[in-house]
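Examining the three-dimensional arrangement
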Amino acid sequence: MSAEVPALKPAHSYAYKLRTQRIGLWLFILSDAFMFGGLLVTRFYLLGNRRPDLDQFVGLIVTSVLLISSFFMNRAEVHISQGNQRGFITSTLITMLLGIGFLAGVIGVEWRMAHFGPADGPQGAVFYMMTGMHAFHVLTGVIFLAIILRNGLKGHYSAERHWAVEAAANYWHFVDVVWIFFYPALYLIGMAI
Amino acid sequence: MKKILSIGMIRGLLAQVVGMAIGFGLVTLLQTLTGQPLKAEPAWVVGGFISALSFLTGLGIFNDWFRMARGDEVPEPEEVEEPRGLRRYWGVSYDHKVIGVQYAFLSLFLLAMGGSFALIFRVELAQAGLQFLSFNLFNTLIGLHGMVLIASILMGISAISNYVIPLIIGARDMAFPRLNAFSFWVAVPGALLLVFSLALGGFETGWTGYPPLSVRGPMGVQMFFLGVWFVGWSSILGALNLITTILRMRSKGMGYFRMPILAWAVLSTSIIALTATQMIGLSFQLVLFERLLGMGFFDPAQGGNPILFQHLFWFYSHPAVYIFVLPGLGVVSELLPVFVRKPLFGYRWVAMSSFGIGLVGFLVWAHHMFAAGMEEYLRVPFMYSTLLVAVPTGVKFFSWTATIWQGRMRLQTPMLFLIGAIVIFLLGGITGPLLGTVSTDLHATDTYYVVGHFHATMFGGYVFPFFAALYYWYPKITGRRMSERLGKWHFWLLFIGFMVMSLGQMRIGLLGMRRRIADYDPALGFQLPNLIITLAGFAVALSVLLLFINMFRSARKGEPATGNLWESRSPEWQIPSPTPAHNFSGEVVVTGDPYDYGLEGAPGYVRLEADLTHSPQPAD
């Protein structure tokens, strides 16, 4: 996109495309939300007011880690929209590390500490499928962050043009919001079995 | 060799085989290394998953996205150089017209395949007793008949919407051309996986894949799940693209209530496809993992609940029929005014009725489960919501009737198919309430009456409008029109064949013929009706063969038709056929209403402005 290309059609201008791409991303998030909604339905249909017996401490830690990561994700986006490259890099890196920490907490710790496996009744099925699908989304988010981190280090984003950062941030917040529903559904609501 | 490999489809197919081998080998290796007993099922599932991704990688659909992720510049999709001629259709193309034709080709291919499956088991059913199919193969064939044709229908509506929607809203392409190509190509390995289930022992569940049977049956069901999963992504991403296109790419002056009615229909369909499709993906995914890891979602022995599967499954699979019929009904409303030379009656009501059907369609899924042992208090609410669907559908029927009323009808082939669509969809519609009402459904459920009703809605709501659209827009694609004579033969053979088939199915269904059985008691007296249904089925197949012959011959020898063949007001007919590259050379400005046919002094729908992009522009 060099400056000497004259008279771009409006359909090709960055601002026009940006608005189009925003609609596309939000539609994707809406679609994905239905899948997570289906998982929540599955959980309440099968377990009702019971819940899997899980380590509350680990749950609280991983939840805090993910929520804090969203704060830094927001910082990263604000930094780049103000043209602060260094702040953007630092915040993205922190977000990514917190995301990896969340994955390690859920898959590395919680999955190992749980005293039931995926084949042990509905609570096993529900717990591993919900956390697994969510972890898969966190993983794709981390990959997305790695891409914008690498391109950010090469200086591809500016205060005016950082759609990829915005998309990664919105996706990250979405995955975070999903966890805000999953955490109480798995850890807090109902009687432990 | 290099020349062969330059064709994307061939690279993809080779890569799919390689991917299958890699996935299979990887899992087997892991099992050997960890000392577990060797199990084929996980190997096939992982192989199948990797094979589909390999197909897409080999095809090259990810290339531009990889470059974007690396931070390289990629060209505008419009400016990508693509091979000329027919080779364009066998690889990745970002042109919505090419993708539309690709969709249509895949759709017709799957239509022929799914229809042939039906012919095979109809021959089996023509006589009592088991002649040449095994029970398992019979069940596999009915399941594949269902799902292959569902895929065909999804591809068919994508064909119409991809080719036509950008043209009728005056756009140069879809909103996301790369995603558009991806949506098409992801369906190809999906369809291959679906059919591959035949090689892995088939499956016994029918197209619905209900557990616990699907948890216990042969392994083919896993390929069936994977295939549906990938085809589902095609549907979701295609819908996302269409919604964005309709919201963002309309030409100047085209407010929402000046959109063509087909755009409304596609918009409401896409909203359903975007959201509900996730549920069939999820439900099949849960069964897939239940089989692989022993997760107890649906097996009562493990504390699961099979009814849950049916809730998740029908949350998509009922709205799915509205995904199929809404674009079809949109085609009827779109083309009817052209052929009766009158404005569409009640434009706003028709536009909103598509949304009404879409909205109510989300609230009716449990009427498939009246006899399934579902929570009893759900029955009556779902009965009422089901019957409510008749209201917006009725709006459409009144609009069509009032549009035809006192019109100067031109009985060309597309119009014949429109009339066929209206009549047969009416048949499908009025046989519905008997199934939507709990008391009568308990008697008719799982009989051939359901089969007859369902096929009437599909033929009226999708097949006939799809064929009408094919005859109508074929000249736009090729510059030649299809033979009217063969077209009329096609119509009458299909119409009469279908009527005999569908009414025959309803009749023996009400007399007690069960569905999904390979054999029946000759004492029931259904031999002759079943024979007649089978023969009628062959008539339907013959008529589709006529269509194929007609399409193939007319592509070369058809009467040239480069102008406004049907005297339509729509923008796509104001430009020459076949559609030039990038559709409109200048801007399209909407100046009137879309369907003001036969009105004295009504302004034209659109005005095409001169090309501005290629002329020198003043510096600003």
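Owing to the predicted nature of the structure, the values given are computational and were not obtained by experimental measurement.

Now for the overall build of chain B. Helices and strands together make up the secondary structure of chain B, namely 20 helices and four strands. For a compact globule of 620 residues, the expected C-alpha radius of gyration is about 25 Å, and chain B comes in at 25 Å, within 12% of that figure. A total of 620 residues make up chain B; the buried ones form 54% of that total. In chain B, 81% of the contacts between residues at least 6 apart in sequence involve partners at least 24 apart.

From N to C terminus, chain A includes five helices and two strands. Ordered by position from N to C terminus, the α and β elements of chain A give α-β-α-α-α-α-β. Here the C-alpha coordinates of chain A stretch approximately 65 × 30 × 20 Å along the principal axes. By the burial criterion, 35% of the 193 residues in chain A qualify as buried.

The first and last C-alpha atoms of helix α19 (residues 484-510) of chain B sit 38 Å apart over 27 residues, in line with the 39 Å expected at 1.5 Å per residue. Backbone geometry just downstream of α19 of chain B places Gly-512 of chain B in the positive-phi region, at approximately 115°.

Residue and element names in this part refer to chain B. Grouped together as the largest cluster of nonpolar side chains are 220 residues, with contacts concentrated most on Ala-151, Trp-185, Ala-187, Ala-263, Leu-418 and Ala-468. The two domains that each donate at least three residues to this core are domain 1 (1-75) and domain 2 (94-562). Other than its neighbours up to four places away in sequence, Leu-418 contacts Val-332, Leu-335, Leu-336, Phe-339 and Ala-468. Judged by nonpolar contacts, the second largest core, of nine residues, contains Leu-435, Ile-508, Met-513 and Phe-526.

All names here are of chain B. For chain B, the assigned domains read domain 1 (1-75) and domain 2 (94-562). One C-alpha centre belongs to domain 1, the other to domain 2, and the line joining them spans 31 Å. Contact residues are listed per partner, giving 14 residues for domain 1 and 19 residues for domain 2. A per-element tally of the side of domain 1 that touches domain 2 places helix α3 (residues 40-59) first, with 11 residues. Residue classes in the side of domain 1 that touches domain 2 are distributed as nine nonpolar, three polar and two charged.

Okay, helix α15 (residues 413-430) of chain B next. Between its first and last C-alpha, α15 of chain B extends 26 Å over 18 residues, near the 26 Å set by a 1.5 Å rise per residue. With 15 of 18 residues buried, α15 of chain B lies mostly within the body of the structure.

A few words on the interface of chain A and chain B. Facing the 30 residues of chain A at the interface are 32 residues of chain B. The set of elements that each furnish at least two residues to the side of chain A that touches chain B consists of α1 (14-47) and α4 (121-153) of chain A. For the side of chain A that touches chain B, the element with the highest residue contribution is α1 of chain A, accounting for 14 residues. Counted by class, the side of chain A that touches chain B contains 18 nonpolar, 10 polar and two charged residues.

Before going further, it helps to examine the environment of Tyr-256 of chain B. For Tyr-256 of chain B, the location among the structural elements is in the loop between α9 (220-248) and α10 (261-293). Residues Tyr-256 of chain B and Asp-519 of chain B, 263 residues apart in the sequence, show an inter-C-alpha distance of 53 Å.

Residues and elements named next belong to chain B. Omega for the bond connecting Pro-211 with Pro-212 falls within 30 degrees of zero, at 0°, which places this linkage in the cis form. With respect to the element layout, Pro-212 can be found in the loop between α7 (177-196) and α8 (213-216). Cis peptide bonds are those with omega within 30 degrees of zero, and the linkage from Ser-577 to Pro-578 qualifies with -10°. Residue position: Pro-578 is located in the loop between β2 (559-560) and β3 (588-590). Even without glycine at this site, Gln-406 takes up a positive phi of about 60°. Inspection of the secondary structure puts Gln-406 in the loop between α14 (390-404) and α15. Under the C-beta neighbour-count criterion, Gln-406 is labelled exposed, with 9 such atoms within 10 Å.

Between two packed helices, the angle of one axis relative to the other and the distance separating the axes together describe the packing. Residues and elements named next belong to chain B. As a packed pair, helix α5 (residues 96-125) and α7 sit with axes 10 Å apart at the nearest point and diverge in direction by 15°. Here α7 runs roughly parallel to α5, going by the angle between their axes. The two elements α5 and α7 meet at a crossing, and its hand is left-handed. On α7, the residues that touch His-96, Ile-99, Gln-102, Tyr-103, Leu-106 and Leu-110 of α5 are Pro-177, Asn-180, Ala-181, Phe-184, Ala-187, Val-188 and Ala-191.

Turning next to the confidence of the model for chain A. All names here are of chain A. Overall, the prediction assigns chain A a mean pLDDT of 92, with 94% of residues at 70 or greater. Summarising per-element confidence for chain A, the mean pLDDT is lowest in strand β2 (residues 191-192) (90) and highest in helix α5 (residues 163-188) (97). Between residues 1-8, whose pLDDT stays under 50, and residues either more than four places distant or in other chains, the model counts four contacts.

Another point: the packing of α5 of chain B against helix α20 (residues 527-557) of chain B. All names here are of chain B. Running from N to C, α5 and α20 cross one another at 160°; their axes reach a closest spacing of 9 Å. In terms of their interaxial angle, α5 and α20 are classed as roughly antiparallel. Along this stretch, α5 crosses α20, giving a crossing that reads as left-handed. Of the residues in α20, those touching α5 at Leu-111, Gly-115, Ala-118, Leu-119, Arg-122, Val-123 and Leu-125 are Asn-530, Thr-534, Gly-537, Phe-538, Ala-541 and Val-544. Here the residues of the contact of α5 with α20 sort into eight nonpolar, four polar and one charged.

With that settled, the discussion passes to the confidence of the model for chain B. Counting all residues, the mean pLDDT for chain B is 93, and 98% of those residues have values of 70 or more. Across the predicted assembly, pTM comes out at 0.94 and ipTM at 0.93.

All names here are of chain B. Tracing the backbone through its elements, the reader meets Gly-91 in the loop between α4 (63-70) and α5. The class for Gly-91 is buried, based on 22 C-beta atoms found within 10 Å. Between the C-alpha atom of Gly-91 and that of Gly-146, which follows or precedes it by 55 residues, the distance is 28 Å. Setting aside anything within four residues of it in sequence, one finds Gly-91 in contact with Ile-7, Gly-8 and Met-9.

All names here are of chain A. One can find Ile-193 in the segment after β2. Distance from Ile-193 to Val-58, taken between C-alpha atoms, is 18 Å for residues 135 residues apart in sequence. Beyond its immediate stretch of four places on either side in the chain, Ile-193 contacts Arg-50, Pro-52, Asp-53 and Gln-123.

Criteria and thresholds
Residues numbered from 1 in each chain as written. Chains lettered and ligands numbered in written order. Predicted model: local features only at pLDDT ≥ 70, side-chain atom pairs only at ≥ 80, totals over all residues. Helix = DSSP H or I, 4+ residues; strand = E, 2+ residues; numbered from the N terminus. Rg over C-alpha atoms; globule rule 2.2 N^0.38 Å. Buried ≥ 20, exposed ≤ 12 C-beta atoms within 10 Å, placed from the backbone. Contact = placed C-beta atoms within 7 Å. Expected span 1.5 Å × (residues − 1). Core = buried A, V, L, I, M, F, W, Y, C linked by C-beta atoms within 7 Å. Domains from an automatic or database assignment. Nonpolar A, V, L, I, M, F, W, Y, C, P; charged D, E, K, R; others polar. Axes fitted to C-alpha atoms, helices over the stretch in contact; angles between N-to-C directions. Parallel < 35°, antiparallel > 145°, perpendicular 65-115°, else oblique. Left-handed = near helix turned anticlockwise from the far one by under 90°. pLDDT = per-residue confidence, 0-100.

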